[in-house]
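Coordinates in review
What follows is each chain in one-letter form.
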Amino acid sequence: MKAIIFENYGAPGVLKLSDVPKPVPKADEVIVNIHCTTVTSGDVRLRKADPWLSKFIMGFPKPKKKILGVDFAGVVDSTGSSVTKFKIGDRVFGSSGFNPGTYAEFKAISENGIISKIPGNITFEEAAAIPFGGLTSLHFLKQAGELKGKKVLIYGASGSLGTAAVQLAKFFGAVVTGVCSSKNRELVLSLGAANVFDYNKDDFSKKGVKYDVVYDTVGKTNFENAVLSLNENGLYLRAVHFTPSPVFKAIWTELTTSKKVIGGVTKETVENLEFIANLTSENKYKPVIDRIYPFEEISAAHAYVETGRKKGNVVIVVDDDLISKASNKAGMFIPQTY
Ligand SMILES: NC(=O)c1ccc[n+]([C@@H]2O[C@H](COP(=O)([O-])OP(=O)(O)OC[C@H]3O[C@@H](n4cnc5c(N)ncnc54)[C@H](OP(=O)(O)O)[C@@H]3O)[C@@H](O)[C@H]2O)c1
């Protein structure tokens, strides 16, 4: 099968199109014929080994696992002997989580992993753009409990996590404020934000408004200012929270105030995956797609994602022939390359 492999950590150019053996399913696995995957900010981190701890996922000192990619959408190609939840031909999507390898024509996924049937008429492109940002932001927002009527600020509202978070918080009944640059203002308002601050012009923490939840999706908020802008018992959610300093600050905040800080790694669940997919099929959620690239141009897609300027998600079409061109619903995509 064709796959994009990398032999060394480094710049986007380390990604090379190659031929590798097609996987054979273990008893509990399905082989997914991948139609679409994505390039996420996480894939970029793993490619560069940034932080170096990410080598625990791909291997020391060079990548032992040579295929990146976690999001997938495609069709079940074959099933292991004990598989009961899926059959050949099912349209499926999901996340391979800490077992990357979706930059390939085929990938083995346990039927008990983060995989589900694609509901309704969701396209493969849309389905692939759901897991990374959607699962992460739903995981974090659920930490806040009931959101109805609460004031929620989403910092980094135009990214993969941010576009998901704005929509999910709005769906749960929150009054959402988004922080993004002015070029993404209309996008973030269209996703359900009631108010938008441009981070280049306005410091949200100096506006005299207090929030019940501040969710920093991009790791760019000032810790102290974010905590100060919370109501009593407010919650500061941090998707990027891996270095010692904020962890100590979080402990200190909880010891000295009634506010709470939550970071850490997302627990991906099938329940959350299906929740967002069902919202999508009911037109209550829109996986935002910025660009769609062909498989062979995955290095260019990585270079783009690495700029940190993408809007929502970047989708990769693994096999042109397998994609329905009708999937390009009006207003859904801004395909600039594909
Ligand atoms: N904790 C977890 O389990 C977990 C899971 C997944 C991801 N993450 C982490 O979450 C982070 C975000 O991921 P992502 O995929 O959502 O990122 P992304 O899509 O690559 O973020 C890009 C967006 O961020 C915006 N942005 C950049 N600088 C900003 C700033 N100073 N203020 C506000 N917005 C800014 C950009 O808008 P402009 O172009 O307008 O600047 C762009 O739209 C990554 O670091 C990733 O590693 C954590």
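Residues numbered from 1 in each chain as written. Predicted model: local features only at pLDDT ≥ 70, side-chain atom pairs only at ≥ 80, totals over all residues. Heavy atoms only, no water.

So, about helix α8 (residues 244-256). For α8, with 13 residues, the first-to-last C-alpha span of 18 Å sits near the 18 Å given by 1.5 Å per residue. What α8 keeps buried is the set Pro 246, Ala 250 and Thr 253. Each buried residue of α8 lies within a common arc of 65 degrees when the element is viewed along its axis, so the set occupies one face. Relative to its buried face, α8 has exposed residues pointing more than 90 degrees away, namely Pro 244, Phe 248, Trp 252 and Leu 255. (Helix = DSSP H or I, 4+ residues; strand = E, 2+ residues; numbered from the N terminus. Expected span 1.5 Å × (residues − 1). Buried < 20%, exposed > 50% of the residue type's maximum accessible area, 1.4 Å probe, protein only. Arc of directions from axis to C-beta.)

With that out of the way, let us pick up the sheet that holds strand β12 (residues 230-238). The six strands are arranged β10-β9-β8-β11-β12-β13 in an open sheet whose pairing can be described as parallel. Of all strands in the sheet, those with a lone pairing partner are β10 (195-198) and β13 (260-262), marking the two edges. Strand-to-strand, the axes of this sheet are offset by a mean angle of 15 degrees, without reference to chain direction. Sitting on the sheet, helix α5 (residues 160-171) is in contact with β8 (151-155), β9 (175-180) and β11 (211-216), with an inclination near 170 degrees to β8. (Pairing = 2+ DSSP bridges. Axes fitted to C-alpha atoms, helices over the stretch in contact; angles between N-to-C directions. Contact = heavy atoms within 4.5 Å.)

The next thing to look at is unusual backbone geometry. Asp 50 connects to Pro 51 through a cis peptide bond whose omega is 0 degrees. Relative to the assigned elements, Pro 51 resides in the loop between α1 (41-48) and α2 (55-58). For the bond running from Phe 60 to Pro 61, omega is -25 degrees, close enough to zero to count as cis. Structurally, Pro 61 can be placed in the loop between α2 and β4 (71-79). Residues other than glycine seldom take positive phi values, yet Ala 49 does so here, at roughly 55 degrees. If you trace the backbone, Ala 49 turns up in the loop between α1 and α2. Overall, the relative accessible area of 12% leaves Ala 49 in the buried class. Of note in the backbone geometry, Asn 233 takes a positive phi value of approximately 70 degrees without being a glycine. In this fold, Asn 233 is placed in strand β12.

If you walk through the whole model with that rule in mind, you get 12 salt bridges. Here Lys 87 ties to Asp 90 by a salt bridge, and the two come within 3.0 Å at their closest N and O atoms. Residue classification places Asp 90 among the buried positions, given a relative accessible area of 7%. For the salt bridge of Glu 282 with Lys 284, the shortest nitrogen-to-oxygen distance reads 3.1 Å. Salt bridges sharing partners connect three or more residues here, namely Arg 47, Lys 48 and Glu 306. (Salt bridge = Lys/Arg side-chain N within 4 Å of Asp/Glu carboxyl O.)

With that settled, the discussion passes to the packing of aromatic side chains. With the rule as written, the count across this model stands at nine aromatic pairs. For the pair Phe 171 and Phe 172, a centre-to-centre distance of 5.7 Å together with 65 degrees between the ring planes defines the contact as edge-to-face. On the basis of relative accessibility, which here comes to 38%, the residue Phe 171 falls in the partly exposed class. Here the aromatic rings of Phe 171 and Phe 275 are separated by 6.0 Å at their centres, their planes lie at 70 degrees, and the arrangement is edge-to-face. With Phe 171 in helix α5 and Phe 275 in helix α9 (residues 270-281), this pair connects stretches of sequence that are 104 residues apart. Assessed through its relative accessible area of 31%, Phe 275 is described here as partly exposed. Lying over the aromatic face of Phe 106, Lys 22 brings its terminal NZ or CZ to 4.2 Å of the ring centre. One Lys or Arg, Arg 291, reaches over the ring of Tyr 304 and ends 3.6 Å from the middle of that ring. (Phe/Tyr/Trp six-rings, centres within 6.5 Å; stacked < 30°, edge-to-face > 60°. Lys NZ or Arg CZ within 6 Å of the ring centre and 35° of its normal.)

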